Amino acid sequence: MSGEILKTISRAIVALVSECRIHFLNKGLHSRAVDPSNVAMVIVDVPKESVDSYRIEAEKTIGLDMNRVFDISKTISAKDLVEISLQDENNLRIKFGSVEYNLALIDPSAIRKEPRIPELNLPAKIVLDAGEFKKAISATEKISENVVLKSDKNSFTIEAKGDVEKLTFTMAGSELVEFNGGEAKSMFSIDYLKEFCKVANVGDLLTIYLGTNYPARFSFELVGGKVRVEYILAPRVES
Amino acid sequence: MSGEILKTISRAIVALVSECRIHFLNKGLHSRAVDPSNVAMVIVDVPKESVDSYRIEAEKTIGLDMNRVFDISKTISAKDLVEISLQDENNLRIKFGSVEYNLALIDPSAIRKEPRIPELNLPAKIVLDAGEFKKAISATEKISENVVLKSDKNSFTIEAKGDVEKLTFTMAGSELVEFNGGEAKSMFSIDYLKEFCKVANVGDLLTIYLGTNYPARFSFELVGGKVRVEYILAPRVES
Amino acid sequence: MSGEILKTISRAIVALVSECRIHFLNKGLHSRAVDPSNVAMVIVDVPKESVDSYRIEAEKTIGLDMNRVFDISKTISAKDLVEISLQDENNLRIKFGSVEYNLALIDPSAIRKEPRIPELNLPAKIVLDAGEFKKAISATEKISENVVLKSDKNSFTIEAKGDVEKLTFTMAGSELVEFNGGEAKSMFSIDYLKEFCKVANVGDLLTIYLGTNYPARFSFELVGGKVRVEYILAPRVES
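Sequence order as written defines the numbering, with residues in each chain counted from 1. Written order decides the labels, with chains lettered from A and ligands numbered from 1. For this predicted model, a pLDDT threshold of at least 70 governs which residues receive local features, and a threshold of 80 or more governs which side-chain atom pairs are given and counted, while totals over whole chains, interfaces and linings are taken from all residues. To get the side-chain values, take all heavy atoms of the structure and skip hydrogens and water.

Can you explain the interface of chain B and chain C? Please cite residues and give values.
With 11 residues of chain B at the interface, the matching set in chain C holds 11 residues. Any Lys or Arg side-chain nitrogen located within 4 Å of an Asp or Glu carboxyl oxygen qualifies as a salt bridge. Summed over the shared surface of chain B and chain C, the result is 2 salt bridges. Think of a polar contact as two N or O atoms within 3.5 Å of one another; within protein, one of them needs to be a possible hydrogen donor and the other a possible acceptor, and neighboring residues in sequence only count if both atoms come from side chains. The interface formed by chain B and chain C holds 5 residue pairs in polar contact (both at pLDDT 80 or more) in total. Broken down by element, the residue count for the side of chain B that touches chain C peaks at 7 residues, all from strand 11 (residues 165-172) of chain B. Note on residue categories: nonpolar means Ala, Val, Leu, Ile, Met, Phe, Trp, Tyr, Cys or Pro, charged means Asp, Glu, Lys or Arg, and polar means any other residue, Gly included. In terms of residue class, the side of chain B that touches chain C is built from 6 nonpolar, 2 polar and 3 charged. By this definition, two strands are paired if DSSP reports at least two bridges between them. Numbering of helices and strands runs from the N terminus; a helix is a DSSP stretch of H or I covering at least four residues, while a strand is a stretch of E covering at least two. Where strand 11 of chain B lies against strand 7 (residues 99-104) of chain C, 5 bridges are found, and the strand directions are antiparallel. Within strand 7 of chain C, the residue paired with Thr168 of chain B across the bridge is Glu100 of chain C. We call two residues in contact when some of their heavy atoms are within 4.5 Å.

Which residues make up the pairing of strand 16 (residues 227-233) of chain A, and what values do they have?
Residues and elements named next belong to chain A. Here's how the labels work: a residue is buried when its accessible area is under 20% of the maximum for its type, exposed when over 50%, partly exposed in between, all with a 1.4 Å probe on protein chains only. In terms of burial, strand 16 is largely enclosed, as 6 of its 7 residues are buried. Relative to strand 16, strand 3 (residues 40-47) runs antiparallel, the two being bridged by 6 bridges. In the sheet register, Asp45 faces strand 16, and the bridge partner there is Arg228. Bridge count for strand 15 (residues 216-222) against strand 16 is 7 bridges, and the pairing is antiparallel. The residue of strand 16 that forms the bridge with Leu222 is Val227. Taking the residues that link successive antiparallel strands as the turn, the strand 15-strand 16 hairpin has 4 residues, and the phi of Val223 there is positive, at about 50°.

How would you summarise the nonpolar core if you had to cite specific residues and measurements?
Take the buried Ala, Val, Leu, Ile, Met, Phe, Trp, Tyr and Cys residues and link them wherever side-chain atoms come within 4.5 Å; each set so joined is a nonpolar core. Core analysis: the biggest nonpolar cluster contains 224 residues, and Phe133 and Phe218 of chain A, Phe133 and Phe218 of chain B together with Phe133 and Phe218 of chain C have the highest contact counts within it. Ignoring sequence-local partners within four residues, the contact set of Phe218 of chain A consists of Phe133, Leu149, Leu193, Phe196, Leu206, Thr207, Ile208, Val229, Glu230, Tyr231 and Leu233 of chain A. Core analysis: the next-biggest nonpolar cluster, separate from the first, contains 6 residues, Val34, Met41, Leu122 and Ile232 of chain C among them.

A description of the environment of Asp107 of chain B should follow, citing residues and the corresponding values.
Residues and elements named next belong to chain B. Of note, Asp107 is situated in the loop between strand 7 (99-104) and strand 8 (124-129). Assessed through its relative accessible area of 48%, Asp107 is described here as partly exposed. Distance from Asp107 to Ser2, taken between C-alpha atoms, is 27 Å for residues 105 residues apart in sequence.

Which residues make up the packing of helix 1 (residues 3-14) of chain A against helix 2 (residues 66-74) of chain A, and what values go with them?
Residue and element names in this part refer to chain A. Where helix 1 contacts helix 2, the two axes come as close as 9 Å, and the packing angle between them is 140°. Put simply, helix 1 runs oblique to helix 2. Between helix 1 and helix 2 the crossing geometry is left-handed. Contacts between helix 1 and helix 2 pair Leu6, Lys7, Ile9, Ser10, Arg11, Ile13 and Val14 from the former with Met66, Asn67, Val69, Phe70, Ser73 and Lys74 from the latter. Across the contact of helix 1 with helix 2, the residue classes tally to 7 nonpolar, 3 polar and 3 charged. Axis definition: a line fit to C-alpha positions, over the contact stretch in the case of helices; interaxial angles, taken between N-to-C directions, run 0 to 180 degrees. When an angle is under 35 degrees it counts as roughly parallel; over 145 it counts as roughly antiparallel; between 65 and 115 it counts as roughly perpendicular; any other value is oblique. Here is the rule for handedness: rotate from the far helix to the near one, and if that takes an anticlockwise turn smaller than a right angle the crossing is left-handed, while a clockwise turn gives right-handed.

Outline unusual backbone geometry, listing residues and values.
Residues other than glycine predominantly adopt negative phi, and peptide bonds predominantly adopt the trans conformation. Positive phi, normally seen in glycine, also occurs at Val223 of chain A, with a value near 50°. Despite not being glycine, Asn38 of chain B has its phi angle at roughly 60°, a positive value. Topologically, Asn38 of chain B is positioned in the loop between strand 2 (28-34) and strand 3 (40-47).

A description of the relation of the copies chain B and chain C should follow, citing residues and the corresponding values.
The fit set for superposing copies consists of C-alpha atoms from residues with pLDDT of at least 70 in both; the fit itself is least squares. In the superposition of chain B on chain C (RMSD 0.0 Å, axial shift 0.0 Å), the rotation amounts to 120°. In the structure described here, the two chain copies are related by an operation that fits a three-fold rotation axis. Relative to the rotation axis, the C-alpha of Lys74 of chain B is the closest in chain B, positioned 16 Å from it.

Please provide a residue-by-residue account of the environment of Gly131 of chain C, values included.
Residues and elements named next belong to chain C. Positionally, Gly131 belongs in helix 3 (residues 130-140). Taking the C-alpha atoms as reference points, Gly131 and Asp152, 21 residues apart in sequence, are found 22 Å from one another. Discounting chain neighbours no more than four positions away, the residues touching Gly131 are Asn201 and Val202.

How would you sum up the sheet that holds strand 11 (residues 165-172) of chain A? Please name residues and give values.
Taken in spatial order, the 7 strands make up an open sheet running 13(A)-9(A)-10(A)-11(A)-7(B)-6(B)-5(B), and their pairing is antiparallel. The open sheet has two free edges, formed respectively by strand 13 (184-189) of chain A together with strand 5 (83-88) of chain B, since each of these has just one partner strand. Averaged over all adjacent pairs, the angle separating strand axes in this sheet is 20°, with direction ignored. Packing of helix 2 (residues 66-74) of chain B onto the sheet brings it into contact with strand 11 of chain A together with strand 6 (91-96) and strand 7 of chain B, and relative to strand 7 of chain B it is tilted by some 175°.

So what's going on with the domain arrangement of chain A? Which residues, and what values?
All names here are of chain A. Per the annotation, domain bounds derive from an automatic or database assignment of domains. Split by domain assignment, chain A resolves into domain 1 (3-110) and domain 2 (124-233). Computed from C-alpha coordinates alone, the two centres of domain 1 and domain 2 are separated by 27 Å. Each side of the interface is counted separately: domain 1 has 19 residues, and domain 2 has 15 residues. Buried area, as used here, totals the accessible surface that two parts lose on assembly, with accessibility defined by a 1.4 Å probe and the loss added over both. Around 1500 Å² of area is buried between domain 1 and domain 2 when both sides are counted, 61% of it from carbon and sulfur atoms. A per-residue breakdown of the area domain 1 buries against domain 2 is headed by Thr8, Arg11 and Ile43, which together make up 30% of the total. On the surface where domain 1 and domain 2 come into contact, there are 2 salt bridges. In this structure, the salt-bridge partner of Asp45 is Arg228, at a minimum N-O distance of 3.5 Å. Inspection of the domain 1/domain 2 interface yields 6 residue pairs in polar contact (both at pLDDT 80 or more). Sorting the residues of the side of domain 1 that touches domain 2 by element identifies helix 1 and strand 3 as the ones contributing at least two each. Per element, the largest residue contribution to the side of domain 1 that touches domain 2 is 8 residues, and it comes from strand 3.

Before we move on, could you go through helix 4 (residues 190-197) of chain C and cite the residues and values that matter?
Residues and elements named next belong to chain C. Taken together, the buried positions of helix 4 are Ile190, Tyr192, Leu193, Phe196 and Cys197. Each buried residue of helix 4 sits inside an arc of 160° when the element is viewed along its axis, so together they form one side. As for helix 4, its buried residues are in contact with strand 3 (40-47), helix 3, strand 9 (146-151), strand 13 (184-189), strand 15 (216-222) and strand 16 (227-233). At the N-terminal end of helix 4, a side-chain oxygen is found 3.3 Å from the backbone nitrogen of Asp191, two or three residues along, and the residue is Ser189. Here the arc refers to the directions that run from the helix axis out to each C-beta atom.

Report on the interface of chain A and chain C, specifying residues and quantitative values.
Taken together, the 11 residues of chain A in the interface contact 11 residues of chain C. Both sides of the chain A and chain C interface together cover about 1000 Å² of buried area, and 47% of this is carbon and sulfur. Taken together, the links from chain A to chain C amount to 2 salt bridges. A salt bridge links Arg68 of chain A to Glu165 of chain C, with the shortest nitrogen-to-oxygen separation between them at 2.3 Å. Viewed at the interface, chain C and chain A are joined by 5 residue pairs in polar contact (both at pLDDT 80 or more). Of all the secondary-structure elements, those providing two or more residues to the side of chain A that touches chain C are helix 2 and strand 7 (99-104) of chain A. Take the side of chain A that touches chain C: its biggest share by element is 6 residues, from strand 7 of chain A. When its residues are assigned to classes, the side of chain A that touches chain C shows 5 nonpolar, 3 polar and 3 charged.

Shown next, in the form of structure tokens:
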């Protein structure tokens, strides 16, 4: 796979957990995990069509220290070709250029149980440039710990209130890539949203599925659509 | 106005104070303040011709937390068009692109009294690239806390003395944009000069009016001459 | 000399010591020093042909605070022309553009005695791009404190072992600039190697002379071959 894919997967997961299970499925790579506070879930999928070569004898699950994989991925260029292989029951080999890492696996049963992905009925769907969202969230963090995401028939707004100031970020339906005008409003922790956005760059698509005082889904299409990273985040209740 | 103007004004003022009065005068924006130690004064002027549109019902003075304005200005691109308006007696609105900030005003009477601008009779006038001055000041700070600015009929020099070394920065009259060869010599705190220079970039003009053991004026022409920022700095007396 | 040469010399020396002797010899500049732990030696040579102008009345040795020279060199551009001269018995003058530094000398007899350069019989010779070596060393430091350098008839390898992972960097003889296939293997401290590499950039040549559990020589050709910096490093013994 390209170095960019490994960088993206590991970045996406370390936003919430340090250790996780990776499933080598017939259809490709899959991973999901819930953060220690049970506030957010990450779901990562890399279809086998997204990588240059994919060969498994049987479906298999391994446990990995993703912090180490993320550190290793920082030494890889986005365009490097990376070969990942299971050498034996205990080691994952990550190879690129003249470099070879051998990383000890973690027994999957020693890693926290994987979450069930919830069915959520969310009225509003907003599709926008992930870079725009990232910029807005980054501006809110100086003002407050929480941000209100709101959708009505005209526009999608991001609002943060501080002691002496209020920031409102408004995008009309016509300025969004896709927008269904559904009514929804929920408040979220800025810290989590900021972590989610780290995986994304200008030009990546972000789809937000929003309800009212309800968990929301933030679904990123990354690396030119080759990697899908979805975060589900519990709302904060306004006091 | 352009984002660059708001960035420049707020940067200029936070060099000395966090809260200040802004005057919306018929001729444009004006602000001035003295730092808490009474060592330096900042005077900012933006003629109404420097902004894209300027409309006031009557001259008005407001109080602002400039640190917050400066933070907000960091999220604005230099080329963004920014609209600043008084929404009511209590709020300033700063609007650019899809973003809107509402910032609570401060009662001007709660802010430290504004200084009178002193009349100074200063024999030496030196005009140079602000970027050159910034670079020189930045080099001195590793050596000493103070710097001596000196002008004689031949040249303008910046001198810093440390325990084991001396740095001399010499510019002949012919290397300066303008120079009257006046005799003057005063010592100043490098920390203040460094703060002043943060507002300026290579290509901005800086005019220094210098006396002997006397306050000096550092007058910056910024944003292509649209904004004038002047600092007046008290000298340090050599022991 | 060019600013780049002064930057390179001072960077090379401060990797190991803060004060050192500089010899102004008929053939050019020379300096050597051992670090306070006696683990590494640096040898710097700048032939007089490498500088734009070189004039000495007699060979002379001075003592310098290289940390200060290094700080000063940071304010110089690589392409600036720098003039270094002894003004009197107590001062070195460093002049570039409109800037002049006067730096107090240190009595050479107050500086730690210079080392004798050892004769080392080292079977393996490896020549590679210093930038490649720098990148590899930088990747190892997250994993371990030590790195094993190994040469056999086929390839040169850099190996680091951590608690849960192993990094191997392998370069076949054909991928190296020059390689004699000598058998050798020694372990070294990553901290030292990292310091050595700071002096080098992509495109600089590094020649490594390696033995088995024996000191190695790391010889850098810098500034287009105008400056030679050699480090000799004692091995660590595997426990």
